[in-house]
Each structure stands twice: as structure tokens, then as C-alpha cells.
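Chains, contacts and geometry: an overview
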Amino acid sequence: MTATDTLPAVDEAQLKSIDWRDYAGAKDDGHAPRILVLYGSLRGRSFSRLAAEEAARLLRWYGCEVKIFDPRDLPLPDACDPDHPKVVELRELAEWSEGMVWSSPERHGAMTGILKAQIDWIPLSMGAVRPTQGKTLAVMQVCGGSQSFNAVNQMRILGRWMRMVTIPNQSSVAKAWNEFDEAGRMKPSPYLMRITDVMEELVKFTYMTRARPALTDRYSERVESAQALIDRVNLKQAVS
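First things first, this report covers the structure right here in the doc. (Residues numbered from 1 in each chain as written. Predicted model: local features only at pLDDT ≥ 70, side-chain atom pairs only at ≥ 80, totals over all residues. Heavy atoms only, no water.)

1. Here we look at the packing of aromatic side chains
We apply this condition: Think of it this way: a Phe, Tyr or Trp ring, Trp meaning its six-membered ring, pairs with another when their centres are within 6.5 Å, and the plane angle makes it stacked under 30 degrees, edge-to-face over 60, tilted otherwise. Each residue is assigned to one of three classes by its accessible area relative to the maximum for its type, calculated with a 1.4 Å probe on protein chains only: buried under 20%, partly exposed between the two thresholds, exposed over 50%. Any Lys NZ or Arg CZ that is within 6 Å of a ring centre and within 35 degrees of that ring's normal is treated as a charge sitting over the ring.
Summed over the entire model, instances satisfying the criterion amount to two aromatic pairs. Where Trp-61 meets Tyr-62, the ring centres are 5.1 Å apart and the plane angle is 85°; that geometry is what we call edge-to-face. Judged by its relative accessible area of 6%, Tyr-62 is buried. Seen from the ring of Trp-96, Lys-67 lies directly overhead, with NZ or CZ sitting 4.5 Å from the centre.

2. Description of the layout of surface pockets
Keep this limit in mind: Using protein atoms alone on a 1 Å grid, points that fit a 1.4 Å probe yet trap it form a cavity, whereas open point sets bounded by protein on both sides within 12 Å along at least five of seven lines form a pocket; residues with an atom within 4 Å of a point count as lining. Grid points are joined across faces, edges and corners, and a volume is the space filled by probe spheres set on the points. A run of DSSP states H or I qualifies as a helix once it reaches four residues; a run of E qualifies as a strand once it reaches two. Both are numbered from the N-terminal end. Under the scheme applied, nonpolar residues are Ala, Val, Leu, Ile, Met, Phe, Trp, Tyr, Cys and Pro; charged residues are Asp, Glu, Lys and Arg; polar residues are all the others, including Gly.
Empty space within the second largest pocket amounts to approximately 410 Å³. Residue lining of the second largest pocket: 22 residues in total, with Gln-133, Gly-134, Arg-210, Pro-213 and Thr-216 positioned closest to the centre. Taken together, the elements giving at least two residues each to the lining of the second largest pocket come down to helix H5 (190-210) and helix H6 (219-223). Taken together, the residues of the lining of the second largest pocket break down into three nonpolar, six polar and 13 charged.

3. Considering the side chain of Arg-156
The condition that has to hold: Only four residue types enter the tally: Lys and Arg on the positive side, Asp and Glu on the negative side, with His and both chain ends excluded. The term salt bridge refers to a side-chain nitrogen of Lys or Arg lying within 4 Å of a carboxyl oxygen of Asp or Glu. The term polar contact refers here to a pair of N or O atoms within 3.5 Å; inside protein, the definition further demands a hydrogen-donor-capable atom paired with an acceptor-capable atom, and it admits residues adjacent in sequence only when both atoms are side-chain atoms. Any two residues having at least one pair of non-hydrogen atoms within 4.5 Å are treated as being in contact.
Along the polypeptide, Arg-156 turns up in helix H4 (residues 150-161). Buried within the structure, Arg-156 lacks any salt-bridge partner; its nearest side chain of opposite charge belongs to Glu-201, at an N-O separation of 6.6 Å. A polar contact of 3.0 Å, which involves the side chain of Arg-156, links it to the backbone oxygen of Ile-167. Within the local environment of Arg-156, its side chain forms a polar contact with the backbone oxygen of Pro-168, the two atoms lying 2.8 Å apart. Discounting residues that sit within four places of it in the chain, Arg-156 has contacts with Val-139, Thr-166, Ile-167, Pro-168, Asn-169 and Gln-170.

Below you can see the structure in the form of C-alpha cells.
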């Protein structure tokens with residue numbers, strides 16, 4: 001663990017290592033869970049980013065391989081071709097991942113367009129590959145005022161639409177400006193405890209689902225050939 005991955009506000013004596021064999025399918029090789037983290041603000045001191053980074057540290061403690069996508073310079077959906085470097089990077093990360101964390105501020109009672117744009121650039125299908133189907137998802141939000149759940153509720157809807165397994169637990173940090181120190185680290189609080197709970201649960205659910213493709217196997221997709229899927233998706237994209 002590097003210095004930047006230390007957890008000074010967490011009681012590490014109470015953290016419990018996760019044995020993948022307690023959760024994984026018979027065909028799982030035990031490799032580190034691959035988790036992609038998305039956040040929804042470009043501010044210099046973005047609390048959704050700081051919360052996402054805190055979550056990433058916890059995930060690494062639990063043995064995950066974590067990548068955080070920087071949304072800066074990502075174009076608006078449909079504003080360019082999908083061969084734009086930032087779009088290619090995001091889509092490759094989505095395909096690489098086995099689970100995701102989405103962290104957004106609540107702005108005007110909703111998740112931000114910055115996070116929604118990232119999700120909109122991830123297609124339901126890339127050729128005959130579904131980059132998000134069956135993968136796990138944890139949702140988090142930060143609030144400028146009192147605690148709210150509008151953003152996480154919206155993200156749950158999106159997770160379901162993206163055919164992801166959204167875990168039961170979630171995090172909403174009220175008055176986020178008061179929950180981080182000058183170095184951008186989260187202070188000890190029930191909010192940090194909840195984020196720790198969410199990350200622990202995400203790792204367990206990722207182990208439980210990633211090597212069990214039968215959980216998300218669909219009759220309709222078994223009937224439809226790969227080429228028919230490609231043709232149908234391309235037609236839909238052309239008319240939209």
C-alpha cells in the first residue's frame with residue numbers, strides 16, 4: 001500500500017479481509033477484481049472525486065485493481081465520432097472492468113450531466129459484446145446541504161438500464177464540504193463508515209457474480225445470433 005492509499009480515518013483493526021473463495025464461483029481463478037470508478041464533477045476541489053478516491057483506496061485495501069476515469073475533455077455524447085481518444089479510453093475501461101463505482105454530486109436535485117455523459121458514451125453493445133451486462137455497480141452521491149438520495153436513485157435506474165447488478169447498499173454524504181480535510185481526505189464519520197460498507201459489499205458481490213455467467217444469461221440473447229444483434233444495434237444507432 002502506498003502512502004496515498006493509507007486509511008488514517010478508518011479503524012483498520014476492524015477491517016476484515018475478504019477471502020475470494022468464500023464468494024467466488026467454481027471457475028473463478030481468484031484474480032483481483034477489476035473496478036472502474038467514475039465521478040461527476042470537474043471542480044478543482046470536487047467532493048464527488050474526493051469521495052471516489054476514498055472509495056478507490058478502500059477497494060485497493062480489499063485487493064482490487066482500481067482505475068479512475070478522468071472525465072475532463074470527454075466530449076458530449078454524439079458531439080463527435082466514437083473514435084475520440086477519451087471515448088475510446090472510457091469504453092475500453094468499461095469492457096476491462098468487472099464492477100464500477102459511480103460518484104456524483106446532486107445538482108438541481110439530480111445527478112450531474114458530467115456523469116450522465118460518461119454513462120451515455122458506454123453503449124449497451126459493442127459489436128456482439130455487452131460491456132456492462134452482469135457487472136456490479138455501487139452508487140454514491142455527495143450533497144451540498146442536507147442528505148438526499150435523488151442522485152443515487154437516478155443512478156440505480158441507469159444501472160438497471162445498463163443491465164448491471166447494482167448492490168443494495170449505497171452512500172449519500174450530506175454537507176460534503178464539512179467532511180473532508182484540507183488534504184482532501186475524508187474525516188472519520190458515519191459517512192466514511194457507510195462508504196467502507198459499500199465498498200466491502202461491492203467486492204463481495206463482484207466475486208459472487210463475475211464467474212457465474214448463467215446469472216445474466218438471457219433467453220432472447222440465446223435465440224438471437226451475434227450477427228443479428230450487431231445488425232439490430234447498428235440500425236437502432238442509425239435512427240437515433
